[in-house]
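So you can see what is in the structure, the chains are spelled out below.
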Amino acid sequence: MGQRMRYLYTEIRKAVYMFPRMFLQAILLMALIGMIAFCAVKTMEREPLAVRADIGVVVREDDRVTRMALQYVENLESASQVCHFIQMPEEEGFLALEKGEIAALVVLPEQIVQGIMDGRNPTVDIFFPKNAGLEAMLLRELTESGAGLLRVAQAQIYGAYDTAAAYGMMEQLSVMETDIDSYNLAFALDRLAVYDTETVSATGRMSVLQYYAASGAVLFLMLSGMALYPVMRREPLAFRRQLARQGTGGIWQGFCQWVSGFVCIELLICVLWLLWKAAGVMAPEAVREITVALVGRGSAGGMGVKIGMFLLVTVTVSTYIYLLYSMAGSRTGSILLICLLSVVMIYLSGGLIPSVFLSGAVQKVGEKLPTAYLIRAVGGLYVGYGAGSIGRCAAGMGVYTAVFGVAAYLLRRSDV
């Protein structure tokens, strides 16, 4: 037993001695991940793409009443958000339409306002390009829908007038027209009432900042394993056999190396926490703002639960890194394997792009990977754990830790 404890002490001492160099390497990784996370947050916070169409308008009779009507349409909120009206001569308008410079061309006939007022209803011609883009296709659908609604409304009004005239009910015509207008307005404005309103978030209960902070923390912990090669590498075969002859078997050797890596990760987190506390003393306002953005005024869940989940996260990551060092023999191979698998699993689990934007097959694979449980577990440190989520996270990480540990033992045992 004394030989085993001395070996464990030697491994931990070696890890502590080499920690400063590994810490500097991890800091470089953190700077790189920070830049990636910053770009990702900025990308998620962009305004969604909006359709903005340039509409050419040809006015054949440029009188005061027509200009007022055109200005009224241009200033409508529903129209101004989508359309940008450009008044131009007719020949120039058709030329711009042919070149694709405008999405549609509207030709207003003469005396259009007077025709609407006296019931002649002059026709407004709208021209679209042959090879219509997204804007033109959207405008065409909206125009056709609006024209259909207008035809129905006109038919109702004319039908009501003819009915009132035929049965001597002209005194009730105004009441009938009011009812028709109320019905059409209710149909046009309340048509969305048949749908349920549900807010959907690509990041679940977490905000964009919290989501990428959680995935960035997991990616940082996994990639920091690239700096742990001196303490988790395979010892020479002759040295391992000599240890085994002295009573330190392969299982204990592997356990001591795993503990050394686990200690390095814990030391790394402790140093970062101390630096964060020091930053809070030097720049308290900035640190307070970041803290409030991440955890608000306080997240749900006891401190004991969070500490336990945090330790389970680090245990899972340490075992994962140990397995990859068991799979790859050389330093270069280990670093490449850790980098490649970590980034791929983070991507499939929605750590770089939220999983709702990925295909269904990728989502099904990603939600079963260990990184999915790790991201949810770290995110729970910010927003708390919902009913049942803590159990699923703990069970998932526990199963993967056991699988990683057994696989690493079998790999190292086969090399003896």
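Parameters at a glance
- Note on numbering: residues in each chain are counted from 1, in written sequence order.
- Local features in a predicted model are, by the rule used here, given only for residues with pLDDT of at least 70; side-chain atom pairs are given and counted only at 80 or more, and totals for whole chains, interfaces and linings are based on all residues.
- Based on all heavy atoms of the structure, the side-chain values leave hydrogens and waters out of the count.
- Numbering goes from the N terminus for both helices and strands, where a helix is a DSSP run of H or I of at least four residues and a strand is a run of E of at least two.
- Note on classification: 1.4 Å probe, protein chains only; a residue is buried when its accessible area is under 20% of the maximum for its type, exposed when over 50%, partly exposed between these limits.
- Every residue pair with non-hydrogen atoms within 4.5 Å of one another is taken to be in contact.
- In this description, accessible areas are obtained by the Shrake-Rupley approach with a 1.4 Å probe, and a residue is regarded as covered only by the protein chains that are shown.
- The set of buried Ala, Val, Leu, Ile, Met, Phe, Trp, Tyr and Cys residues whose side-chain atoms join them within 4.5 Å is what this entry labels a nonpolar core.
- Strand pairing is assigned whenever DSSP identifies at least 2 bridges connecting the two strands.
- Angular values range over 0 to 180 degrees, each being the angle between N-to-C directions of two axes fitted as lines to C-alpha atoms, with helices fitted over their stretch in contact.
- Here the arc refers to the directions that run from the helix axis out to each C-beta atom.
- For classification, angles of less than 35 degrees are called roughly parallel, those exceeding 145 degrees roughly antiparallel, those between 65 and 115 degrees roughly perpendicular, and all remaining angles oblique.
- Note: crossing handedness is left-handed where the near helix turns anticlockwise from the far helix by less than a right angle, and right-handed where it turns clockwise.
- Lys, Arg, Asp and Glu make up the charged group, whereas Ala, Val, Leu, Ile, Met, Phe, Trp, Tyr, Cys and Pro make up the nonpolar group; the residues left over, Gly among them, are polar.
- A pair of aromatic rings is counted whenever rings of Phe, Tyr or Trp (Trp by its six-membered ring) have centres within 6.5 Å, and the orientation is called stacked for planes under 30 degrees apart, edge-to-face for over 60 and tilted otherwise.
- Charges are assigned to positions over rings by a cutoff of 6 Å between ring centre and Lys NZ or Arg CZ, combined with an angular limit of 35 degrees from the ring normal.

Draft legend 1. Representation of the overall build of the protein in the model. What the protein contains, in helices and strands, is 17 helices and four strands. The 416 residues of the protein split such that 35% are buried. Considering only intrachain contacts with a sequence separation of at least 6, the fraction spanning at least 24 residues in the protein is 76%. As displayed, the protein offers around 24,800 Å² of accessible surface, 64% of which is attributable to carbon and sulfur atoms.

Draft legend 2. Region of interest: the nonpolar core. If you look at the biggest cluster of nonpolar residues, it comprises 57 residues, and the most contacted ones within it are Leu228, Val313, Val317, Ile321 and Met397. Mapped onto this core, the elements with two or more residues apiece are α1 (2-44), α8 (208-223), α9 (229-232), α11 (250-282), α13 (303-327), α14 (331-348), α16 (370-383) and α17 (389-414). Per-element tally for this core: the top contributor is α11, with 10 residues. Discounting residues that sit within four places of it in the chain, Val317 has contacts with Leu221, Met222, Ile265 and Leu374.

Draft legend 3. Structural context of the sheet that holds strand β3 (residues 104-108). The strand order β2-β1-β3-β4 describes an open sheet built from four strands, whose pairing is mixed. Either end of the sheet is taken by a strand with one partner, and the two such strands are β2 (83-87) and β4 (125-127). The sheet shows a mean angle of 25 degrees between the axes of neighbouring strands, direction not considered. In the sheet, strand β1 (residues 53-59) pairs with β3 via five bridges, with the strands oriented parallel.

Draft legend 4. Representation of the pairing of β3. Summarising burial for β3: five of the five residues are buried, a large majority. Burial along β3 is two-sided: Ala104, Val106 and Leu108 and Leu105 and Val107, pointing in opposite directions, are all buried.

Draft legend 5. Region of interest: the side chain of Thr319. With respect to the secondary-structure elements, Thr319 resides in helix α13. Contacts of Thr319, omitting those with residues within four sequence positions, involve Trp258, Thr401, Phe404 and Gly405.

Draft legend 6. Representation of helix α4 (residues 90-99) within the structure. Here α4 has its buried residues at Gly93, Ala96 and Leu97. Viewed end-on, α4 has its buried residues packed into an arc of 100 degrees, placing them on one side of the element. α4 presents Glu91, Glu98 and Lys99 as exposed residues on the side facing more than 90 degrees away from its buried surface. Looking at the buried residues of α4, the elements they touch are β3 and β4.

Draft legend 7. Examining the packing of α13 against α14 more closely. Relative to each other, α13 and α14 sit at 135 degrees, their axes nearing to 9 Å. With respect to their mutual orientation, α13 and α14 come out oblique. When the axes of α13 and α14 are compared, the crossing they make is right-handed. Where α13 approaches α14, its residues Tyr320, Ile321, Leu324, Tyr325 and Met327 are matched on the opposing element by Ser334, Leu337, Ile338, Leu341, Ser342 and Met345. Taken together, the residues of the contact of α13 with α14 sort by class into nine nonpolar, two polar and no charged.

Draft legend 8. Examining the environment of Arg205 more closely. Within the element layout of this structure, Arg205 appears in the loop between α7 (173-189) and α8. Residue classification places Arg205 among the exposed residues on the basis of a relative accessible area of 57%. Counting along the chain gives 174 residues from Arg205 to Gly379, while the straight-line C-alpha distance between them is 9.0 Å.

Draft legend 9. Quick peek at the side chain of Ser334. Relative to the helices and strands, Ser334 is located in helix α14. Since its relative accessible area comes to 0%, Ser334 is described here as buried. Setting aside residues no more than four positions away along its own chain, Ser334 makes contact with Tyr229, Tyr325 and Ala328.

Draft legend 10. Structural detail: the packing of α13 against α16. Interaxial distance between α13 and α16 falls to 10 Å at its minimum, and their mutual angle equals 150 degrees. Taken together, α13 and α16 sit at an angle that is classed as roughly antiparallel. The handedness of the crossing between α13 and α16 is left-handed. Counting all contacts with α13, which are made through Lys306, Met309, Val313, Thr316 and Val317, the residues of α16 involved are Leu374, Ala377, Val378, Gly380 and Leu381. Per-class residue counts for the contact of α13 with α16 are seven nonpolar, two polar and one charged.

Draft legend 11. Focus on the packing of aromatic side chains. Per the stated rule, a full pass over the model turns up six aromatic pairs. A centroid spacing of 5.0 Å and a plane angle of 65 degrees characterise the contact between Phe94 and Phe127, whose relative ring orientation is edge-to-face. Pair noted here: Phe94 is in helix α4 and Phe127 is in strand β4, with a separation of 33 residues, a long-range link. Judged by centre distance (5.6 Å) and plane angle (90 degrees), the ring pair of Tyr211 and Tyr212 falls under edge-to-face. Here the aromatic cluster, defined as three or more aromatic residues joined through ring pairs, consists of Tyr320, Tyr373, Tyr400 and Phe404. A cation sits over an aromatic face here: Arg376 above Tyr373, 5.0 Å from the ring centre.

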